[in-house]
Amino acid sequence: MNVGDRIRVRTKEHAYEGILMPSEGTANEAYLALKLDNGYNIGFLRASVSVELLEEGHMANATMPPCEIAPTLGLPDIAILGTGGTVASKIDYLTGAVYPSFSPDELLRLVPELGEIANISGRELYSIVSEDILQRDWENIAQAIVGRIAEGASGVVITHGTDTLHFTASMLSFMLRDLDRPVVCVGAQRSSDRPSSDAAFNLVSSVRFAATDCAEVVVCMHAGIDDDVCHVHRGTRVRKFHTSRRDAFVSVNSLPLARVYGAGRVEQVSPYRTSSGKDVYADTSCEERVSLVKTYPGAADIVGALVDRGYRGIIIEGSGLGHAPDTLHAEIRRGLEEGVFFGMASQCVHGRVNMNVYRGGRVLKEAGVLPLGDMLAETAWCKLSWVLGHVQDREEVARAMLLPVAGEVEDTSRLDVYGCREACL
Amino acid sequence: MRDYAALGLRVGLEIHAQLDTGKLFCHCPSDLVDTHDAAIIRRLRPTMSELGEIDPAAREEFKKGVMHEYRASLGHACLVYADEEPPHDPNPEAVHTLLQIALLLDAVVVDSIHFMRKIVIDGSNVSGFQRTALVALDGVAHSAYGTVRIPTICLEEDAARLVETKGQTRVWNIDRLGTPLVEIATDPSMHHPRQARDVALFLGQAMKATRRLKRGIGTIRQDVNISIAGGARVEVKGVQELALIEDCVEREVERQVALLSLRDELVKRGVGGVACDIVDLSDLFSGTACSIIKGGVFGMRLAGFGGLPGREVQPGRRFGTELADYAKAYVRGIFHSDELPRYGITQAEVDAVRERLGAGPSDAFVLVAEKKGVAKKALEAVAYRARLALEGVPNETRRPLPDGNTQFMRPLPGKSRMYPETDVYPIRVTPERLAAVRASLPELPAETVRRLADTYGIATETAERIVDWDAEELFVRSQETYAMPPNRVLRLLETYAMLSKEPGMPAERPDEVLERFMEGHEKVTVEAYEGVLRELVRTGGSVDDALSALGISSVSEDDIRAAIRGVLDANAAVIAERGAEAFKPLMGPVMASLRGKCDGKTISALLREELDARLS
């Protein structure tokens, strides 16, 4: 018997007809799930019922009628590349499963307003949950973006799961050299099957921003929990701060670049780079043996093992101004002696590391750990991977790490920004 | 008396009751609060069906730019019902209560409970869907008219409350959103209005037996589905009083019978259709005395409908009212030919209208006083309803009116779109768990009445009133702990029921206050119940505190006799002169000397005794 079959389930006293559903949640074969004709699903303990096949099922695989789309003169051509996540997806109402939709047809059907803003072309690159993304996926995404720009797209939108959206935005910021137009990374915090999803507004706002003269990789997501404004964040300056709120993404140590309003207005908030007139290319060389390590009181044995396994670079997400406990110092020293590059960012997230203030910081700095200023730990990890893909000499790596490539590190700490405060109710 | 069986009456019930367990998918309380600390602005987007279709009405609303403002009070709402956080595990107390209700109704509990998402796009659910789960099937309800099957017992979320509509923005309060609701649906097999009432009562009592229902207005809502042979299914939505169910069914039967006879009349007259030719009649009313007409007047002939708009379909409601109800989506009202001349419209104006519309004596007409666009929509709606009359009874959702009549709300909705709620893991109801629920099932109210009557020797009627008030536990304590006479307990509950209508009284009965009263009940005279109870609820002190605050201190019988003797001593002359007749003039001074510390009945008995003693 297969999922989708029409079956009859007999209990001791009653019989129920309906459609066999997929096993609930994780593989639990002890229960079977039945969709009754009234639309409700109910579960039976397999051992307590007998099941009879009434009719083999044909899982509804409805093909939608095509949606006529002719390019509109005067509208920008925006390419949408899908990598997974639920920002643009359709639901199988039978099983509740969510499938990505990326044909221009499907996108326009889901979010018809897109057709009024731009000529959309869509393509699915991957369909993965974003925590599973790998270095080589970023290389492919970068190449695909360059390809779409070469085909004439005036902006590119990347739909992406939100868990690692900021890693992707950061990595692409380094890989896309001489970028001459916007690359907008967008996701959804609330699934797109629900009428209240943030997906459509995020997507519409992203497409609007993808038509501006900005020449950076950015993240575009809800600014608050109202459906009225999206924030555009610099790709190297943004981080996910909330597990579920639609305003989970917040710029750190910097202001957002722009706001996109529901009515369509795009308002620039802080300066962004514009095209230098050169053609974009993808420089994707990376060192995969780079790790990101968070310290904690009494931390030990979390660096030595990486050194032993041949890691070339380690970003330490230390405490406070850039400290690691004594229990970790010997491992770090050994790593430095073996030529591993160490950079220090802070688990405070907000603010800048300074390894001169306390003795512990001075000791590590003198030993060779590089303080990374106001760079986010996640961004530092991406950057070190990319830098080590190009240079290996310690001095050169250190110089490259502190040289701003995509707005990821700055000398000035602004008086007027302190992250998520403005995003709260 | 109608022969309901001959009419082919079929009634089904869907009962919704709120559970007093806190919200279903978060840990917030579910009480109602009228203040708010936060307002969230949202848009709801119509989602695609399996076939890639979007409901045109939902899309239209979205395109119009309908916004929703959700008001929330901190402490009463969290991220879950702002749709900013996935649901927590289902409230275990609510699930337990559902299992109890299912077993009380002899239903089959499913082995695994699956929550579903039911798409609701009107904004009443922040997420755009309502979560609902089928917990049990195939229960039974008993009534003197026979047994009724209960196909489904569900656990679902209540919706947000609409506060107001400001232009394109609907303002909601989300305090009620997520309150667990029991939904019990019967099959449409009831065949007498009285049976619908009895079954509703039976189901209500089974739910109340769990002692987990919310109390108060609007916490139980009944939807009643009614049809007769040749008629159509009509859903009367949100009947809040049990007594009204019977009336609603009777009145709806009356309406369907009237509409069917109206159809037969139309067939007899050979009316085959309704044309919607809208005519501008504004010039005919340029000098009208009718204050409702401010400018444009548009009209339409209803050919062959002569005399029908005035025909009664329910007491006080005419077919013209039915036409008007459809037009009310656009205008405040219509005029129809059977009610004119009236409202300042003269016979001459009516004649002119008839002439312009070409409406003869066998025709009716309808007028709308509005701008052209609005008037057109209203008259089209009237024509649509008139066309439905050719079929007989339209499928409708109707709202109950206080007298049992009903009023059109909207056409019956189609099948709702439902798909699995993937954020909530199914709940396993193991045989062990079910056995544990079965072993500790609460008694049904009828059993409680019997137990109270038997145990405490009170009349069945008294026990019923106590159960009706949900005061069984309180009553048991009054007997076991405070030895309060049952009639005094009843008096106390009656007094509270009366006081609870005063402004500033708590929404829920404060049982701890009533218990404090019981603790000191011997010190309170019946006359002082109201004052003392009000004081207790207001200040929260003890009976002694209340008595002294009210200037009433309790007095012993000896004290009363001493006071009486004092008055008798001072009035020896009166007693000598009038003998037993002195009772009357002496009562006043005695009462005054006790200043309300004791009830008049006791005083008068003791005064009589003391006086008799002196005279003998």
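Draft legend 1. Representation of the overall build of chain B in the model. The helix and strand inventory of chain B stands at 20 helices and 23 strands. The C-alpha atoms of chain B give 32 Å as radius of gyration, which overshoots the globular expectation for 616 residues (25 Å, by more than 25%). Out of the 616 residues in chain B, the part that is buried amounts to 53%. Nonlocal contacts in chain B, meaning residues at least 24 apart in sequence, comprise 72% of its contacts between residues at least 6 apart. For chain B, the accessible area works out to roughly 27000 Å², and carbon and sulfur atoms hold 50% of it. Between the centroid of the 78 positive side chains of chain B and the centroid of its 92 negative side chains there is a distance of 5 Å.

Draft legend 2. Expanded view of the interface of chain A and chain B. On the chain B side, the residues contacting the 50 residues of chain A number 56 residues. In total, chain A and chain B occlude about 4400 Å² of area from one another, counting both sides; carbon and sulfur atoms represent 56% of this. Along the contact surface separating chain A from chain B lie 6 salt bridges. With a closest N to O distance of 3.7 Å, D83(B) and R246(A) form a salt bridge. It is strand β4 (residues 41-45) of chain A that provides the largest number of residues to the side of chain A that touches chain B, a total of 5 residues. Per-class residue counts for the side of chain A that touches chain B are 21 nonpolar, 16 polar and 13 charged.

Draft legend 3. Region of interest: the sheet that holds strand β21 (residues 313-318) of chain A. Residues and elements named next belong to chain A. The strand order across the open sheet built from 4 strands is β20-β21-β22-β23, with neighbouring strands paired in parallel fashion. Of all the strands in the sheet, just β20 (290-294) and β23 (370-371) have a single pairing partner and so form its edges. Sheet topology note: the β21/strand β22 (residues 341-346) ladder contains 6 bridges and is parallel. The residue of β22 that forms the bridge with I315 is G343. Contacting β20, β21 and β22, helix α9 (residues 377-388) runs over the sheet at an angle of about 165° to β21.

Draft legend 4. Representation of the packing of aromatic side chains in the model. Residues and elements named next belong to chain B. Evaluated as defined, the whole model comprises 12 aromatic pairs over all chains. Between Y326 and Y384, the aromatic rings sit 6.3 Å apart at their centres with planes inclined by 45°, giving tilted as the arrangement. Of this pair, Y326 sits in helix α6 (residues 319-327) while Y384 sits in helix α8 (residues 372-389), and the two are 58 residues apart along the sequence. For Y326, a relative accessible area of 10% puts it in the buried group.

Draft legend 5. Structural detail: the domain arrangement of chain B. Domain annotation of chain B identifies domain 1 (4-265), domain 2 (273-389), domain 3 (445-543) and domain 4 (557-615). For domain 1 of chain B and domain 4 of chain B, the distance between their C-alpha centres works out to 64 Å.

Draft legend 6. The arrangement of the packing of helix α17 (residues 557-570) of chain B against helix α20 (residues 600-615) of chain B in detail. All names here are of chain B. The interhelical angle for the contact between α17 and α20, taken along N-to-C directions, is 55°, at an axis separation of 10 Å. If you check the angle between α17 and α20, you find them oblique. Judged by the twist between their axes, the crossing of α17 over α20 is right-handed. When α17 is examined against α20, the residues E557, I560, R561, I564, R565, L568 and D569 are found in contact with a partner set consisting of I603, L606, L607, E609, E610, L611 and R614. For the contact of α17 with α20, a count of residues per class yields 7 nonpolar, no polar and 7 charged.

Draft legend 7. Spatial organisation of the pattern of salt bridges. A full pass over the atoms with the stated rule returns 78 salt bridges over all chains. A salt bridge links E396(B) to R255(B); the nearest nitrogen and oxygen atoms lie 3.6 Å apart. Of this pair, E396(B) sits in strand β20 (residues 396-400) while R255(B) sits in helix α5 (residues 242-269), placing them 141 residues apart in sequence. Take E396(B) and R255(B): they sit in the same class, and that class is buried. Here D325(B) and K328(B) are joined by a salt bridge, their closest N and O atoms 3.9 Å apart. A relative accessible area of 39% places K328(B) in the partly exposed class. Salt bridges linked by common partners bring R190(A), R194(A), D227(A), R246(A), R42(B), D83(B) and E84(B) together as one network.

Draft legend 8. Highlighting a negative patch on the surface. On the surface, a cluster of negative charge is made up of E461(B), E464(B), D468(B) and D470(B). With respect to the helices and strands, the residue D470(B) is situated in the loop between α11 (460-468) and α12 (472-480).

Draft legend 9. Local environment of the side chain of Q479(B). Residue and element names in this part refer to chain B. Inspection of the secondary structure puts Q479 in helix α12. In this structure the side chain of Q479 is engaged in a polar contact, spanning 2.9 Å, whose partner is the side chain of S478. Looking at Q479, its side chain comes within polar contact range of the main-chain oxygen of M484, at 3.0 Å. Once you skip the residues sitting within four places of it in the chain, Q479 turns out to touch Y456, M484, P486 and V489.

Draft legend 10. Representation of unusual backbone geometry within the structure. The residue after L340(B), namely P341(B), is reached through a cis peptide bond having omega 0°. In this fold, P341(B) is placed in the loop between β18 (335-336) and α7 (347-357). Positive phi values are uncommon outside glycine, yet V349(A) reaches one of about 70°. Residue position: V349(A) is located in the loop between β22 and α8 (359-367). For V349(A), a relative accessible area of 15% puts it in the buried group.

Draft legend 11. The arrangement of the domain arrangement of chain A in detail. For chain A, the domain assignment lists domain 1 (6-55), domain 2 (77-282) and domain 3 (290-402). Here the C-alpha centre of domain 3 of chain A lies 56 Å away from the C-alpha centre of domain 1 of chain A.

Draft legend 12. View of the sheet that holds strand β2 (residues 38-42) of chain B. Residue and element names in this part refer to chain B. Taken together, 4 strands build an open sheet; the order of strands is β2-β3-β10-β9 and the sheet is mixed. Looking along the sheet, the strands with just one partner apiece sit at the ends: β2 and β9 (161-166). Ignoring which end each strand starts from, the neighbouring axes of this sheet average 25° apart. Where β9 lies against strand β10 (residues 169-173), 5 bridges are found, and the strand directions are antiparallel. The residue bridging R161 from the neighbouring strand is N173, located in β10.

Draft legend 13. Looking closely at the packing of helix α13 (residues 486-499) of chain B against helix α15 (residues 529-539) of chain B. All names here are of chain B. At a minimum axis separation of 10 Å, α13 and α15 run at an interaxial angle of 60°. Taken as a pair, α13 and α15 cross one another with a handedness that is right-handed. Listed contacts from α15 to R488, R491, L492, T495, Y496, M498 and L499 of α13 are Y529, E530, L533, R534 and V537. Tallied by class, the residues present in the contact of α13 with α15 amount to 7 nonpolar, 1 polar and 4 charged.

Parameters and conventions
Residues numbered from 1 in each chain as written. Chains lettered and ligands numbered in written order. Predicted model: local features only at pLDDT ≥ 70, side-chain atom pairs only at ≥ 80, totals over all residues. Heavy atoms only, no water. Helix = DSSP H or I, 4+ residues; strand = E, 2+ residues; numbered from the N terminus. Rg over C-alpha atoms; globule rule 2.2 N^0.38 Å. Buried < 20%, exposed > 50% of the residue type's maximum accessible area, 1.4 Å probe, protein only. Contact = heavy atoms within 4.5 Å. Areas by Shrake-Rupley, 256 points an atom, 1.4 Å probe, with all protein chains shown as cover. Lys, Arg positive; Asp, Glu negative; His and termini not counted. Charge placed at Lys NZ, Arg CZ, Asp CG, Glu CD. Buried area = accessible area lost by both parts, 1.4 Å probe. Salt bridge = Lys/Arg side-chain N within 4 Å of Asp/Glu carboxyl O. Nonpolar A, V, L, I, M, F, W, Y, C, P; charged D, E, K, R; others polar. Pairing = 2+ DSSP bridges. Axes fitted to C-alpha atoms, helices over the stretch in contact; angles between N-to-C directions. Phe/Tyr/Trp six-rings, centres within 6.5 Å; stacked < 30°, edge-to-face > 60°. Domains from an automatic or database assignment. Parallel < 35°, antiparallel > 145°, perpendicular 65-115°, else oblique. Left-handed = near helix turned anticlockwise from the far one by under 90°. Patch = residues over 30% accessible without salt bridge, like charges linked within 9 Å, V, L, I, M, F, W, Y side chains within 5 Å. Polar contact = N/O pair within 3.5 Å; in protein donor to acceptor, adjacent residues only side chain to side chain.

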